[in-house]
Amino acid sequence: MPLPLDKLLNPQQLEAATWPEGPVCIVAGAGSGKTRVITHRLAHLVETGRARPEECLAVTFTNKAARELRDRVDVLLPGTAYRMWVSTFHSAAARILREAHGYLGLPRGFVIYDQDDSVRLIKQICGELNIAKDLISTYAHRIEQLKHQAIPPEKFEPDPFDIPGKRVREVYTAYEARLARAGAVDFGGLIVLALKVARENPEASYSLGRIRHAVVDEYQDVNRAQAALVETLAPRLGSLAVVGDDDQSIYRWRGASAYSLLQFTETFPATHQVRLEENYRSTGRILKLANEIIRQNPGRLTKELWTRADDGPMIRLRQLRDDRSEAAWAVDDSLEAIRTGTRPSELAFLYRTNAQSRPLEEALHRARIRYRILGGLRFYERREVKDVVSYLRLVANPDSEMDLRRIINVPARAIGDTTLSQLAAAAQAAKVSLWGALALPEEALAAAGMKAAGRTKLREFGTMLGELRAACAGRAPAVAITEVIARTAYDQHLRLEEDGQERLDNLASLARAANDYEEDARRANEPATLEAFLERVSLESGDENEGADSAESVTLMTLHSAKGLEFDAVYVMGVEEDVLPSARAVSSEDAEALNEERRLAYVGFTRARRRLTLSMCQQRLVFGEIRYGTPSRFLRELPPSFVREHLVGDLHAILPRAALASAMPRFDRAPRPEPRSVDRGETRVVYDDAPTAPRRPRATTAVLDLDVDERDMVAPRGGGFAPGSGVLHAQYGRGTVEGVTGTGDNARVDVFFPEHGQKRIVAKYLRRA
DNA sequence: CTCGCCAGGCTTTTT
DNA sequence: GCCTGGCGAG
């Protein structure tokens, strides 16, 4: 029975889901039912008989999104969906390479190097080329960017003013050669090589060759290479739909650009464009705020989200004294929400940088609220996991240089730097991989200066690895893991360490991941190979946080990882200058960098269905030292009238004094929580939620573990500090005023402290001496 | 060659 | 404030 699409979708969605052929560009705002359109489009293709499931490809960026898409298509097309190819860009590319490895000259068991691996390799090469190490990250970044644009070393023409460019080319060339010798492909290379297959010989990949219909999600985040891949496939396709939102392009630093989305109609003149602007997620206020923020950005496909929903509750704004109080306040507030019936899984705390999770975790821990962190610490990046994975990769592909380097002396085998570089020299001379060099005749190694002791150790290592490979050949991944641990005595090695037990547990988890993979493979009717398991390990973060108990937990994550998700109540924390927008974006003077931060704020705010809370603090610990913060320009840019109508809380933090005065009457009418005092063990949380007197902006609403001195500090009226006068500061002590910039709450005072030198301090943190 | 200590860098964000 | 990588002692 076909799905009654016209009942399930609004007219624009229906058009987007059913437009029959050729290129379709779907500009879909946040919460406009984008995934719904994609899944129904795929289902519609199959139901109308225009496509067989195996002719359909759907591509997204994150594994999370791919999984969700797959699950939701499965609901619409039970039993058929698994025949579709639903995948991330990178996994799709890996599959193409797997199938076309012969054409590409890659070994069957080629390994995928993550960013860490490639930086290490570039470092290695730079060392050999005598390049200063402070340039390594620059080169790594340049090479990565070139690969994002699918520019190979020989096509890279640095312009004459590009001083490092020449060496970039040199390093890049060497890097590509080394990857090839190691039988390895980096993230960028996956796309570049898939593009090569698509251009030259698409039939070399069985999966690729049969695709007739494609949907590409998050098209605003494709880089040049990915766009080229899509564009190359287009002529072979009966239909191609790209879906995206230029306002949610947040991966510029990774080479992404909304350019391909904005230019899509130019690239394919036959394109049918559809816009989805009706939002089904958030309240009117949240959308108004989001629209108000994002309209500051130039060059958009100006769309404006709207909703039939009501305005909803006011958006709350809180300014706290420091990051610990900010976390404590938000956690306490969320506790209240949970008490009044919000499910923990409907609460999310979003922040700009992972480092901001720490105070939150501590506060949640104290409040005994369960939480899960998405993103954060990645399972597969743990040292012991990477070590064992390196052994597994060597089983699949012994030539992998970075993996061999990683474990050749782990556990310790008395093979140190000296022996290793002699081996590398011998390998270079013989033009073979490090593994290949292990099999070189004694004389070749001796010629590289290696002593007999080193040669013996290497020989032993080579034998061990050879036996391990033989023992694992054709066996299931879980068996291979057991073999690795047993034959290398890796568990013994861990037991000697301080936190060895925890690391052993992680290896047990790795084994579990392998079992899970085998289970998945069985279900998908595919053989469970070590190669495919390793591919999963390389391309997925290994978040175990998607566990079944998540309904009982609140969620913590960066704004980036929040894209595509939604929650009833969202706390966006640290809405401050140098945080959101990031310090880097602020200091770079690069307008596009700031615009991207603004989009990030937009993404964050639009995650909330009903309750949105923004918080900021006056000082926070950055690298262990105190930094003074001011409210984000994204809030200060808001028209005062808008703020008065839709926000409650510490409005004085973001409104000019004049605008604040007229805001007060309205502010007084806002529902006002009872002032509370909560005693929880050693932590004292005191609230002062009463609206602040207009004349004395006491921004602090929560005080946590502060010295009495500091608590007593009150902003001096008018910030009137005359140069030459004496002042007191809680950290720096007594000092002399050198000058003043800004006015009101934004006033900064340059103060000279005899013991600390000159500092620029927000006026409210100073007292007259 | 290994171990342990210290300095310095790090924080954007992720496949 | 934490981690890594580099360096020096044994």
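The shown structure was predicted, so the numbers you read here are calculated from the model rather than taken from an experiment. (Residues numbered from 1 in each chain as written. Chains lettered and ligands numbered in written order. Predicted model: local features only at pLDDT ≥ 70, side-chain atom pairs only at ≥ 80, totals over all residues. Heavy atoms only, no water.)

What follows deals with the overall build of chain A. When its secondary structure is counted, chain A shows 34 helices and 24 strands. The burial tally for chain A puts 55% of its 769 residues in the buried class. Counting only contacts in chain A whose residues sit at least 6 apart along the sequence, the fraction spanning at least 24 positions is 72%. For chain A, the accessible surface area stands at approximately 33900 Å², while carbon and sulfur atoms represent 50% of it. (Helix = DSSP H or I, 4+ residues; strand = E, 2+ residues; numbered from the N terminus. Buried < 20%, exposed > 50% of the residue type's maximum accessible area, 1.4 Å probe, protein only. Contact = heavy atoms within 4.5 Å. Areas by Shrake-Rupley, 256 points an atom, 1.4 Å probe, with all protein chains shown as cover.)

Now for the packing of helix H8 (residues 136-148) against helix H9 (residues 163-182). Axis separation between H8 and H9 bottoms out at 10 Å; the angle between their running directions is 70°. Relative to H9, the element H8 lies roughly perpendicular. Contact residues: H8 offers Tyr139, Arg142, Ile143, Leu146 and Lys147, while H9 offers Pro164, Gly165, Arg167, Val168, Val171, Tyr172, Tyr175, Glu176 and Leu179. Looking at the contact of H8 with H9 residue by residue, the classes come out as nine nonpolar, one polar and four charged. (Axes fitted to C-alpha atoms, helices over the stretch in contact; angles between N-to-C directions. Parallel < 35°, antiparallel > 145°, perpendicular 65-115°, else oblique. Nonpolar A, V, L, I, M, F, W, Y, C, P; charged D, E, K, R; others polar.)

Right, let's talk about the pattern of salt bridges for a bit. Evaluation of the coordinates by the stated rule reveals 60 salt bridges. Here glutamate 278 makes a salt bridge to arginine 308, at a shortest N to O gap of 2.5 Å. Taken as a pair, glutamate 278 in the loop between strand S8 (272-276) and helix H15 (284-294) and arginine 308 in the loop between H15 and strand S9 (315-322) lie far apart in primary sequence, 30 residues in all. When its relative accessible area of 6% is taken as the criterion, glutamate 278 is described as buried. Classification of arginine 308 by relative accessible area gives exposed; the value is 66%. A salt bridge links aspartate 311 to lysine 288; its shortest N-O distance comes to 3.1 Å. Note that aspartate 311 is positioned in the loop between H15 and S9 and lysine 288 in helix H15, a separation of 23 residues in sequence. (Salt bridge = Lys/Arg side-chain N within 4 Å of Asp/Glu carboxyl O.)

With that settled, the discussion passes to the protein's contact with DNA strand B. Among the 28 residues in the neighbourhood of DNA strand B, the closest are listed as Trp253, Arg352, Gly416, Thr418 and Arg584. Counted by atom, the contact set of DNA strand B within 4 Å of the protein is 45% sugar and phosphate. Measuring from a phosphate oxygen of DNA strand B, one finds a side-chain N or O atom of threonine 418 at 2.8 Å. Taking threonine 558, its side chain carries an N or O atom lying 3.2 Å from a phosphate oxygen of DNA strand B. Looking at which element gives the most residues to the surface near DNA strand B, the answer is helix H20 (residues 417-430), with three residues. (Near = heavy atom within 4 Å. Polar contact = N/O pair within 3.5 Å; in protein donor to acceptor, adjacent residues only side chain to side chain.)

A few words on the sheet that holds strand S3 (residues 85-88). A sheet is described by the order of its strands in space; here six strands give the open sequence S3-S2-S6-S7-S1-S8, paired in parallel fashion. If you trace the sheet from one side to the other, it starts and ends with S3 and S8, each paired once. Sheet twist, expressed as the average angle between the axes of neighbouring strands with direction ignored, equals 15°. By the bridge criterion, four bridges tie strand S6 (residues 213-216) to strand S7 (residues 239-244) in an arrangement that is parallel. From the neighbouring strand, alanine 214 faces S7, where its bridge partner is leucine 240. Where helix H2 (residues 11-18) meets the sheet, its contacts fall on strand S1 (22-28) and S8, and the angle it forms with S8 comes to roughly 145°. (Pairing = 2+ DSSP bridges.)

What follows is about the pairing of S1. Of all seven residues that make up S1, six are buried, and the element is covered over most of its length. Looking at chain direction, S1 and S8 are connected through five bridges and run parallel. Note that in S8 the partner of valine 27 across the bridge is arginine 275.

Turning our attention to the packing of aromatic side chains. Centre-to-centre distance and the angle between the planes together describe a pair of aromatic rings. A complete count under the given rule lists six aromatic pairs for this structure. Their ring planes at 50° and their centres at 5.1 Å tell us that phenylalanine 264 and phenylalanine 268 sit as a pair that is tilted. Relative accessible area serves as the criterion here: at 16%, phenylalanine 268 is assigned to the buried category. Seen in terms of ring centroids, tyrosine 517 and phenylalanine 533 are 5.7 Å apart; in terms of plane orientation they differ by 40°. Their pairing is tilted. In this pair, tyrosine 517 sits in helix H26 (residues 500-523) while phenylalanine 533 sits in helix H27 (residues 530-539), placing the two residues 16 residues apart along the sequence. (Phe/Tyr/Trp six-rings, centres within 6.5 Å; stacked < 30°, edge-to-face > 60°.)

Attention now goes to H20. Its 14 residues place the ends of H20 20 Å apart at the C-alpha level, agreeing with the 20 Å of an ideal helix rising 1.5 Å per residue. Looking at H20, one finds that the buried residues are Thr419, Leu420, Gln422, Leu423, Ala424, Ala426 and Ala427. Buried positions along H20 lie against H9, helix H19 (401-407), helix H21 (434-438), helix H22 (442-447) and helix H23 (452-472). Two residues or fewer past H20, lysine 431 is found with a positive phi of approximately 55°. (Expected span 1.5 Å × (residues − 1).)

Let us now look at the side chain of glutamate 401. Mapped onto the elements of the fold, glutamate 401 is located in helix H19. If we ignore the near neighbours within four places in the chain, the residues touching glutamate 401 are Tyr113, Leu121, Gln124, Arg178, Ala182 and Leu434.

Here we take up helix H17 (residues 357-366). Looking at H17, one finds that the buried residues are Ser357, Pro359, Leu360, Ala363 and Leu364. What you see down the axis of H17 is that its buried residues fit within an arc of 165°, all on one side. Residues of H17 that are exposed and point more than 90 degrees away from the buried face comprise Arg358 and His365. On its buried side, H17 packs onto helix H16 (323-339), strand S10 (347-351), strand S11 (371-373), strand S12 (554-558) and strand S13 (567-573). Immediately downstream of H17, the backbone of arginine 368 shows phi near 55°, a positive value. (Arc of directions from axis to C-beta.)

Bringing the environment of threonine 18 into the picture now. By the element assignment, threonine 18 lies in helix H2. Sequence spacing of threonine 18 and histidine 44 is 26 residues, and the spatial spacing of their C-alpha atoms is 6.8 Å. Each residue touching threonine 18, except ones within four places of it in the same chain, is listed here: Leu5, Arg41 and His44. In terms of polar contacts, threonine 18 uses its side chain to reach the backbone carbonyl oxygen of leucine 14, at 2.6 Å.

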